[in-house]
Amino acid sequence: MAALAAFLHGLAVATAAASVALGLPELRPGTDPAVGWIGGGLVLLAGGVADLHRRLARGQRDTLRRLGHLQKSVDALAERLEQRIAPREETDNTPSSAAHEAVLQEVKLLHTLVARLGESRSPREHEPPAASRPARPGAQAPRIPDPPPAAGAEATPMDDAAVLEAVREALAADRIDIHLQPIVSLPQRKHRFFEVFSRVRAVDGALILPDRYLEITERAGLMATIDNLLLVRCIQLIRETERRQHAIGFFCNMSAATLSDAAFMRQFLDLLAQNPTLVPKLVFELSQQELRAGGAVMMGILSQLSRIGFRFSMDRVSDLDIDLDSLLRHEIRYLKLDCTLLLDPALAPRVEALRHRLEGTGIDLIAEKIETEAQLDAILRSGIDFGQGYLFGGPRPARKPS
């Protein structure tokens, strides 16, 4: 319907412009034909301006509608959180002020994300596709797990504009889903942690995977909102495991952009101050490149988090020349190495040297992207304590907080 209206509007403007251009000299004999063409051009310009205003007004209405939907989702979440706390208060007779304060902090964070969704329409949204833009120095894509051998229900191919619109709709309708992939102890294969990933669910229920939407949403200024939402959902997942008395931890990717977002991190730290028992169960992941290129704001917040008691993991390691003192100084207690890198014969001496250097430091190696029993056998012979990959399970949807 919108496309038809735009077509009819354009046709009417073009007709009017042509009538002025051709008819003005006929109506006023002796008029220079160039005056007619100038008049027609002015009509076209006026029509274009009117169409632009119409499109902007429609975009604002759509944004307000999405914000209204997301606000309702936040209010519903607040109600669920209140209901979840009530049974605990009845059973353990402990003071409820801290629990209620935690709920208020979560809702405050979510309200912040609602506001940011309204501010997310930025000039970056109109940049050319990634293929036509020069790569930014030091840019590195967020971590994406390798696709499973048999892919799930993925969305049909869409162009960049359609993907961005689907992400906006998913944010407004609370369809950013959380998927968990296990990290296991070796050789027992017992689940010790879960890594948390985001998935965008389209209206028809199909999934839009990160490798399709990450760069598009980053250009549009939405990636920080998704990352921050992921952190809040991590807190809710940890609450659920506490209720069920599961001794499990969560690895959550934290980008440099999120760490450098002082306003959001201040609220996040306020939330965690009310929930000190959650701290040992949450491990933040950063890439080797981000840690090396970290600015003053990012490293300052990293220090704040480490003082609270948080631990960190470094992933996407491409350079085995690792400064262990720097890792220890920033409380990086896990080091993820790709299985193919660990098993590369050309790198075997350097990998073995790194493993010996890590002994006694409290830093654990995690071999990731393990997909076959043969790879696992080789990893076990190297004495690595943790593994991750589709051999142990791929990302699966997390249960919604009750």
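Residues numbered from 1 in each chain as written. Predicted model: local features only at pLDDT ≥ 70, side-chain atom pairs only at ≥ 80, totals over all residues. Heavy atoms only, no water.

Some details on the overall build of the chain
Regarding its fold elements, the chain presents 14 helices and 10 strands. A buried classification covers 44% of the 402 residues belonging to the chain. Total accessible area on the chain is roughly 20,300 Å²; 59% of this is exposed by carbon and sulfur atoms. (Helix = DSSP H or I, 4+ residues; strand = E, 2+ residues; numbered from the N terminus. Buried < 20%, exposed > 50% of the residue type's maximum accessible area, 1.4 Å probe, protein only. Areas by Shrake-Rupley, 256 points an atom, 1.4 Å probe, with all protein chains shown as cover.)

Topic: the packing of aromatic side chains
By the definition in use, this model includes nine aromatic pairs. On the numbers, 5.0 Å between centres and 80° between planes, the contact of F193 with F251 is edge-to-face. Of this pair, F193 sits in strand β2 (residues 190–201) while F251 sits in strand β4 (residues 249–253); the two residues are 58 residues apart in sequence, bridging distant segments of the chain. A relative accessible area of 8% places F193 in the buried class. Pairwise contacts between aromatic rings join F193, F251, Y334 and F386 into one cluster. (Phe/Tyr/Trp six-rings, centres within 6.5 Å; stacked < 30°, edge-to-face > 60°.)

Section: a nonpolar patch on the surface
A surface patch of nonpolar side chains, about 330 Å² in accessible area, is lined by I38, L42 and L45. The topology assignment puts L42 in helix α2 (residues 33–92). (Patch = residues over 30% accessible without salt bridge, like charges linked within 9 Å, V, L, I, M, F, W, Y side chains within 5 Å. Salt bridge = Lys/Arg side-chain N within 4 Å of Asp/Glu carboxyl O.)

Notes on unusual backbone geometry
Geometrically, the link from L186 to P187 is a cis peptide bond, its omega value of 5° lying close to zero. Structurally, P187 is set in the loop between β1 (176–185) and β2. Its identity as a non-glycine residue notwithstanding, R189 has a phi of 65°, on the positive side. Structurally, R189 can be placed in the loop between β1 and β2. Assessed through its relative accessible area of 36%, R189 is described here as partly exposed. At K369, a position not held by glycine, the phi torsion is positive, near 65°.

With respect to helix α8 (residues 262–273)
Spanning 12 residues, α8 covers 16 Å between terminal C-alpha atoms, matching the ideal 16 Å at 1.5 Å per step. Residues F264, M265, Q267, F268, L269, L271 and L272 constitute the buried set of α8. (Expected span 1.5 Å × (residues − 1).)

Details of the pattern of salt bridges
Summed over all chains, the structure comprises 12 salt bridges. As a salt-bridge pair, R189 and E373 come within 2.8 Å of each other at their nearest N and O atoms. Here R189 is found in the loop between β1 and β2, whereas its partner E373 is found in helix α14 (residues 373–381), with 184 residues between them in sequence. Note that D319 is salt-bridged to R292, the shortest N-O span being 3.2 Å.

What about the packing of helix α4 (residues 160–172) against helix α5 (residues 210–219)?
Viewed as axis vectors pointing N to C, α4 and α5 meet at an angle of 80°, and their least axial separation amounts to 10 Å. Our classification of the angle between α4 and α5 gives roughly perpendicular. Counted together, D160, V163, L164 and V167 of α4 and R212, Y213, I216, T217 and R219 of α5 form the full contact between these two elements. Along the lines of polarity and charge, the residues of the contact of α4 with α5 split into five nonpolar, one polar and three charged. (Axes fitted to C-alpha atoms, helices over the stretch in contact; angles between N-to-C directions. Parallel < 35°, antiparallel > 145°, perpendicular 65-115°, else oblique. Contact = heavy atoms within 4.5 Å. Nonpolar A, V, L, I, M, F, W, Y, C, P; charged D, E, K, R; others polar.)

Concerning the nonpolar core
With 60 residues, the main nonpolar core has F250, L259, F268, L282, F284, L305 and L335 as its most contacted residues. The residues contacting L259, other than those within four sequence positions of it, are M254, M265, L286, M298, I301, L302 and L305. Membership of the second largest hydrophobic core comes to 17 residues, among which are Y213, L222, M223 and I226. (Core = buried A, V, L, I, M, F, W, Y, C linked by side-chain atoms within 4.5 Å.)

Here's the deal with the pairing of β2
Regular strands have side chains that alternate between both faces of the sheet. In the sheet, β1 pairs with β2 via 10 bridges, with the strands oriented antiparallel. Bridge pairing links V184 to H191 in β2. Hairpin connection between β1 and β2: a loop of four residues separates the two successive antiparallel strands, and R189 in this loop has a positive phi of roughly 65°. Relative to β4, β2 runs parallel, the two sharing four bridges. (Pairing = 2+ DSSP bridges.)

Concerning the environment of D385
Following the sequence through the fold, D385 ends up in the loop between α14 and β9 (386–388). Here D385 falls in the partly exposed class, since its relative accessible area comes to 41%. Residues D385 and L186, 199 residues apart in the sequence, show an inter-C-alpha distance of 5.0 Å.

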